[in-house]
Each structure stands twice: as structure tokens, then as C-alpha cells.
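Examining the three-dimensional arrangement
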Amino acid sequence: MDDCRICRFMNDWDVASTKHGVVTYGGLAIKEGHLVVASRRHVPSLSDLTDEEATGVLALLRKAVRGLGEIRAWEKIYVLMIGDKDTHFHAHVIPRLPGEAPVGPFVFGPEGWRSVLGPSSPDSRAVSSMREVLRSILK
Ligand SMILES: [Zn+2]
């Protein structure tokens, strides 16, 4: 799609690709080693991929994480799937060097995303109810 930046940079920043996905490294990287692994087909989310595409993209994602891990001794390699801006399924592979701040507190810590969500943690009854619904859907 012409208005999709992932579709556009898929060719320019391709470092590895398969029938179902592409590993890119380029201008959107926020730090050294920040890769973007995207589905070859323009779809908004993981649930829009066929089983074969999802398997292919996740295998490529694993390959990208392993490959990045061979470059240096990262402290951690994160895999994030956010998709707030881009309506093309992709995952960010973001390595953290020893001494760099961990990502977890930005999401789960009291000063992170959780702070803007407010007191919205589900109570145990709501968790139990959703657990039952999920069990029936996912079996
Ligand atoms: Zn796209």
C-alpha cells in the first residue's frame, strides 16, 4: 500500500526475507540493533495472517532475534508488537546493552504506561470471568 511506510521501507531496508516476512534495519531504528520484522502481506494484525503466514513470520522473527544475539552480548532482546501508528503487522526487535534501562518499568512500573491507565486493574472476579471465556474460545 502506498500510504504504508512499512510497505515502502520493506525493500529499502531489507536484511533478510522469506515468502511471508521481512527483517528490516534502517531509518526508523531508535537505537543500534533495533530491527523491524514485518509480514510481507499488508494486514493490520497477527490475527489477519493465515496460519502459514503467521508461522512463517514468527519463524523469521525468531531467526532475527537469534541473529542479533550473535552480534554481541546484549543484556536482553525485547520483542514488541504495538502497531499504534502502522496498520501493517510488525514486531520490533530491540536489544538492550548491559547498563541500559530495562523496558519493563516503562510498561508495568508505577511511573510508566500503567500510570496513565489509572486504577483500571481488573478485579479477581473480572479476571476469573474472562479466563472462563478465553478457555471456551481457545480450546
Ligand atoms: Zn503495509
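Throughout what follows, the structure given in this document is the object of discussion. (Residues numbered from 1 in each chain as written. Predicted model: local features only at pLDDT ≥ 70, side-chain atom pairs only at ≥ 80, totals over all residues.)

Moving on: the sheet that holds strand 4 (residues 76-80). Pairing is antiparallel across the open sheet formed by five strands, whose spatial order is 1-2-3-5-4. With partners counted over all chains shown, the strands left at the sheet margins are strand 1 (14-17) and strand 4, one partner each. The average undirected angle you get between the axes of adjacent strands in this sheet is 20°. Across four bridges, strand 2 (residues 21-24) lies against strand 3 (residues 35-39) in antiparallel orientation. Paired with Thr-24 across the bridge in strand 3 is Val-36. Docked against the sheet, helix 1 (residues 5-12) engages strand 1, strand 2, strand 3 and strand 5 (90-96), running at close to 75° with respect to strand 2. Relative to the sheet, helix 2 (residues 51-71) contacts strand 2, strand 3, strand 4 and strand 5, its axis offset from that of strand 3 by approximately 165°. (Pairing = 2+ DSSP bridges. Helix = DSSP H or I, 4+ residues; strand = E, 2+ residues; numbered from the N terminus. Axes fitted to C-alpha atoms, helices over the stretch in contact; angles between N-to-C directions. Contact = placed C-beta atoms within 7 Å.)

Attention now moves to the environment of Pro-110. Tracing the chain through its elements places Pro-110 in the loop between helix 3 (104-108) and helix 4 (113-117). Sequence-wise, Pro-110 and Pro-44 are 66 residues apart; in three dimensions their C-alpha atoms are separated by 30 Å.

Glancing now at helix 5 (residues 124-138). Owing to its 3.6 residues per turn, the α-helix aligns residues three or four sequence positions apart on the same side. Over its 15 residues, helix 5 runs 20 Å from end to end, which matches the ideal 21 Å to within 8%, given 1.5 Å per residue. With zero of 15 residues buried, helix 5 lies mostly on the surface of the structure. (Expected span 1.5 Å × (residues − 1). Buried ≥ 20, exposed ≤ 12 C-beta atoms within 10 Å, placed from the backbone.)

With that settled, the discussion passes to the nonpolar core. With 17 residues, the main nonpolar core has Val-37, Ala-38 and Ala-64 as its most contacted residues. Those elements that place two or more of their residues in this core are helix 1, strand 2, strand 3, helix 2 and strand 5. Residue contacts for Val-37: discarding those within four places in its chain leaves Gly-21, Val-23, Val-57, Leu-60, Leu-61, Ala-64, His-90, Ala-91 and Val-93. (Core = buried A, V, L, I, M, F, W, Y, C linked by C-beta atoms within 7 Å.)

Right, let's get into helix 2. Taking 1.5 Å as the rise per residue, helix 2 with 21 residues should run 30 Å; its terminal C-alpha atoms sit 31 Å apart, in good agreement. The complete set of buried residues in helix 2 reads Val-57, Leu-60, Leu-61 and Ala-64. Projection of helix 2 onto a plane perpendicular to its axis shows the buried side chains occupying an angular sector of 105°, all on one side. More than 90 degrees from the buried face of helix 2, the exposed residues found are Asp-51, Glu-52, Thr-55, Arg-62, Arg-66 and Glu-70. Where the residues of helix 2 are buried, they touch strand 2, strand 3, strand 4 and strand 5. (Arc of directions from axis to C-beta.)

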